[in-house]
Amino acid sequence: MSSARKKKAHNTKKTNGNNSILDPRTLESAKTTLTNFMKTAFSQPNISTTAIVCSAVVGLFAYEQYWYLSKKKSLPGPKFKVPIIGAFLDSLYPTFEGYMSKWKSGELSCVSVFDRFVVIASTCDISRKILNSPAFAEPTVVDSMTYILCPDNWVFLNGKAHVDYRRGLNVLFTRRALGIYIPIQEKVYERHFNEWLSLDGKVEAYQMRFREINMESSLRVFLGDFMSDEVAKRISLEYFNITAALELVNFPIPLPGTKVYKAIQSRKYIVKHFIESIRDGRKRLEKGEEPKSLMDAWLQAMKEEEIECEKAGKAAPRKFDDREIALTILTFLFASQDATSSALTWAFQLLADHPDILDRVREEQIRIRGADHLNQPLTLELMDASVFLRQVVKEILRLRPPVLMVPYKTTREWPINDNYTVPKGAMVIPTTYPALHDPVAYPNPDNFDPDRWGPNGQAEKHPKNFMVFGNGPHHCLGKEYAMMHLMAIIAQASLQLDWTHYRTDKSDDISIFATIYPQDGCIMSFKKRETIAA
Ligand code: HEM
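Residues numbered from 1 in each chain as written. Predicted model: local features only at pLDDT ≥ 70, side-chain atom pairs only at ≥ 80, totals over all residues. Heavy atoms only, no water.

Draft legend 1. Structural detail: helix H12 (residues 259-286). Between its terminal C-alpha atoms H12 stretches 40 Å, which fits the 40 Å expected from 28 residues at 1.5 Å a residue. Looking one or two places after H12, you find Gly-288, whose phi comes out positive at around 90°. (Helix = DSSP H or I, 4+ residues; strand = E, 2+ residues; numbered from the N terminus. Expected span 1.5 Å × (residues − 1).)

In structure tokens:
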């Protein structure tokens with residue numbers, strides 16, 4: 001620890017030792033006084049009910065402050081907790097500026113929402129520490145998610161059970177698997193590009209359209225073509241209810257009319273249709289057809305494992321029923337949809353705002369395909385050759401990281417640094433944005449500069465800072481697929497489309513809806529790019 005930090009820690013301890021409200025002895029004595037007062041009040045025969053109720057309410061409020069301050073200790077954060085709700089209203093309407101001021105307030109800061117004590121980490125080192133300390137902290141989701149994703153969903157597994165389950169899913173994101181997905185993606189992109197072009201250059205907010213192209217790519221890649229277009233569209237709409245229920249705190253009981261209730265109904269609709277696709281997949285594979293989606297790839301991998309175990313005389317592997325598979329695929333949608341839609345929106349915006357970079361992306365695509373083969377099918381080899389495009393996608397994700405924070409929960413008391421011990425059961429939140437905007441790793445961090453990832457740039461020398469996809473045992477499973485999807489869509493758009501971004505004074509301001517978007521919804525128009533017509 002540096003001497004400055006030591007001194008600060010020393011001073012904090014000293015202040016706390018001098019009758020500060022944070023001194024444990026002061027807190028303990030306040031607690032005893034309150035307890036005695038309550039006991040006395042209730043034993044008085046003449047005291048009015050109103051007086052007792054008022055005293056109880058005051059006592060509860062005082063206890064709540066005691067509870068909060070005894071956890072907060074010297075951390076930056078609100079001096080007192082708003083009775084009962086804490087920072088609930090801030091969490092209902094989060095702002096990027098609000099997050100920034102929290103991150104700037106210290107390496108660790110805190111807040112409390114209802115009965116939940118939240119510790120927010122801001123530096124790269126401490127965020128990575130949280131992501132890599134399964135003995136102290138594990139991922140958690142907002143309460144509503146347990147209802148929505150179902151309590152038996154694999155995303156709630158931890159430790160060995162999580163490692164084992166996750167190992168079985170790796171097969172879905174191998175190169176072989178990605179090779180199956182890329183032609184599916186290409187078809188979806190073409191359909192949506194045509195839809196955009198059919199608007200005849202109309203100027204409108206495209207954020208929702210980026211969400212839709214992304215949703216359809218996910219559905220078709222994950223589940224194939226069995227699902228009708230109508231069902232796919234309805235799922236896209238239904239999924240909106242799930243995103244809307246992602247707030248930090250929701251009404252605790254999913255009563256009809258609440259956001260969580262609506263999200264549960266949407267999940268039921270989605271899972272029902274997923275199960276129909278899975279049944280169809282099982283039948284097709286039984287007939288010996290080739291896998292055509294992520295779900296097919298998984299069903300086939302399970303079948304192959306079963307055969308291998310039988311041949312080797314080993315115990316049969318665990319069988320997954322249709323519902324389990326459907327719920328797992330739902331988690332992929334859950335993990336991918338909002339993050340990838342956000343990245344796609346910023347991608348189109350940033351490239352329109354930096355035409356020189358878009359030109360270089362186009363030139364690379366023309367060079368690697370050959371001017372006479374611009375319409376050739378998308379392949380992984382083409383993506384491998386798109387070196388500059390990969391730099392561009394990394395820079396988009398760095399500048400506008402879709403996932404700003406990843407909620408974890410402490411499973412035991414955790415002396416996380418020399419100055420502070422996180423209480424057991426607290427939410428502890430690693431942050432990605434500050435690490436991705438650290439000027440030491442990324443000079444002029446607010447500039448969009450894909451060359452910082454090239455051979456002459458510095459960015460690759462700081463791999464620890466690139467926390468876009470998390471880190472540690474729960475790092476993003478779909479990372480390679482997400483990169484490939486973003487690259488593929490930009491590659492195709494760069495050759496087939498011209499687009500204009502109509503900047504407003506809100507274009508660079510960030511709004512938060514589960515992830516981050518430009519506040520004006522990304523106002524654009526599209527037209528066909530003639531160079532590809534040949
Ligand atoms: C730009 C797009 C994406 C971003 C920025 C992103 C980011 C993240 C982050 C930050 C985490 C938490 C990691 C941690 O706790 O250390 C995560 C987890 C996860 N992501 Fe992604 N993700 C993206 C796309 C996807 C896609 C397309 C899929 C699936 C097809 C996916 C599947 C998952 C899964 C399953 C987890 C949980 C892993 C586990 O708990 O073991 N993600 N992602």
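Draft legend 2. Up close: the UniProt feature "transmembrane region" (unreviewed entry) in the protein. Mapped onto the present numbering, the UniProt feature "transmembrane region" (unreviewed entry) falls on residues 47-69. Helix makes up 91% of residues 47-69 and strand 0%, and the two end C-alpha atoms of the span are 31 Å apart. (UniProt positions renumbered as here; feature names shortened; annotations may be inferred.)

Draft legend 3. Structural context of the coordination of the iron atom of the ligand. In this structure, the iron atom of the ligand receives exactly one donor atom from the protein: Cys-476 (SG), at 2.3 Å. On the secondary structure map, Cys-476 appears in the loop between helix H18 (433-436) and helix H19 (479-496). (Donors = N, O, S within 2.8 Å, 3.2 Å for Na, K, Ca; no water.)

Draft legend 4. Structural view of the packing of aromatic side chains. Taken as a whole, this structure holds 30 aromatic pairs when the rule is applied. Measuring from centroid to centroid gives 5.1 Å for Phe-136 and Trp-414, while their planes differ by 5°, and the two rings are stacked. Pair noted here: Phe-136 is in the loop between helix H6 (124-131) and strand S3 (137-139) and Trp-414 is in strand S6 (residues 414-415), with a separation of 278 residues, a long-range link. Residue classification places Phe-136 among the partly exposed residues on the basis of a relative accessible area of 24%. Since its relative accessible area comes to 2%, Trp-414 is described here as buried. (Phe/Tyr/Trp six-rings, centres within 6.5 Å; stacked < 30°, edge-to-face > 60°. Buried < 20%, exposed > 50% of the residue type's maximum accessible area, 1.4 Å probe, protein only.)

Draft legend 5. Spotlight on the packing of helix H17 (residues 387-399) against H19. Relative to each other, H17 and H19 sit at 115°, their axes nearing to 10 Å. Put simply, H17 runs roughly perpendicular to H19. Handedness of the crossing formed by H17 with H19: right-handed. The residues of H19 that touch H17, namely those facing Leu-389, Arg-390, Val-393, Lys-394, Ile-396 and Leu-397, are Glu-480, Met-483, Leu-486, Met-487, Ile-490 and Ala-491. In terms of residue class, the contact of H17 with H19 is built from 9 nonpolar, no polar and 3 charged. (Axes fitted to C-alpha atoms, helices over the stretch in contact; angles between N-to-C directions. Parallel < 35°, antiparallel > 145°, perpendicular 65-115°, else oblique. Left-handed = near helix turned anticlockwise from the far one by under 90°. Contact = heavy atoms within 4.5 Å. Nonpolar A, V, L, I, M, F, W, Y, C, P; charged D, E, K, R; others polar.)

Draft legend 6. Highlighting the pattern of salt bridges. Taken as a whole and assessed by the stated rule, the structure comprises 32 salt bridges. The closest approach of N and O atoms between Arg-503 and Asp-353, which form a salt bridge, is 2.7 Å. One end of the pair, Arg-503, is in the loop between strand S9 (497-501) and strand S10 (510-513); the other, Asp-353, is in helix H14 (residues 322-353), and 150 residues separate them in sequence. Arg-503 sits in the partly exposed class, given a relative accessible area of 44%. On the basis of relative accessibility, which here comes to 24%, the residue Asp-353 falls in the partly exposed class. Across the pair Arg-360 and Asp-451 runs a salt bridge whose closest N-O atoms are separated by 2.9 Å. Linking Arg-360 in helix H15 (residues 355-369) with Asp-451 in the loop between H18 and H19, this pair joins segments that are 91 residues apart in sequence. By relative accessible area, which is 33% here, Arg-360 ends up partly exposed. Here the residues in one salt-bridge network are Arg-191, Glu-216, Arg-220 and Asp-229, joined through shared partners. (Salt bridge = Lys/Arg side-chain N within 4 Å of Asp/Glu carboxyl O.)

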